[in-house]
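# Structural features, examined
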Amino acid sequence: MYKCEVASQDGGAVVNVDLTLTAPGCGMGDFLRQDVRQKLLAIPGVTEARVEIVLDPPWDQSRLSDAARLQLGLM
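An account of the accompanying structure is given in this report.

Analysis parameters
- Residues numbered from 1 in each chain as written.
- Predicted model: local features only at pLDDT ≥ 70, side-chain atom pairs only at ≥ 80, totals over all residues.
- Heavy atoms only, no water.
- Pairing = 2+ DSSP bridges.
- Helix = DSSP H or I, 4+ residues; strand = E, 2+ residues; numbered from the N terminus.
- Axes fitted to C-alpha atoms, helices over the stretch in contact; angles between N-to-C directions.
- Contact = heavy atoms within 4.5 Å.

On to the sheet that holds strand β3 (residues 46-53), then. Hydrogen bonds between backbone groups are what pair the strands of a sheet, and the pairing can be parallel or antiparallel. Read from one edge to the other, the open sheet built from three strands follows the order β1-β2-β3, with strand pairing classed as mixed. In the strand order of this sheet, the two ends are held by β1 (3-9) and β3, each with one partner. Each strand of the sheet is rotated relative to its neighbour by a mean of 15°, with strand direction disregarded. The sheet contact formed by β1 and strand β2 (residues 12-19) spans seven bridges and is antiparallel. Note that in β2 the partner of A7 across the bridge is V14. Packing of helix α1 (residues 29-41) onto the sheet brings it into contact with β2 and β3, and relative to β3 it is tilted by some 160°.

As a further point, take the environment of A67. In this structure, A67 sits in helix α2 (residues 66-71). Considered as a pair, A67 and N16 are 51 residues apart in the sequence and their alpha carbons are 27 Å apart.

The analysis is restricted to geometry; functional conclusions fall outside its scope.
Dropping the structure here:
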């Protein structure tokens with residue numbers, strides 16, 4: 001996830017999210033976008049959720065936390 005912004009609008013919260021995929025050709029992009037949007041809309045007070053898939057900057061393993069690297073066996 002590259003960006004998560006919350007703004008107040010008309011008595012509710014509008015959430016804007018930019019997220020990326022681990023590979024540009026990943027077929028899960030639409031599923032992930034819709035799933036994140038549904039989860040955001042389930043939060044009380046959130047009235048609108050905009051989720052965008054972005055590919056710039058490209059994802060690479062350097063973006064993983066040490067805990068994630070350890071869990072994935074990359075350390």
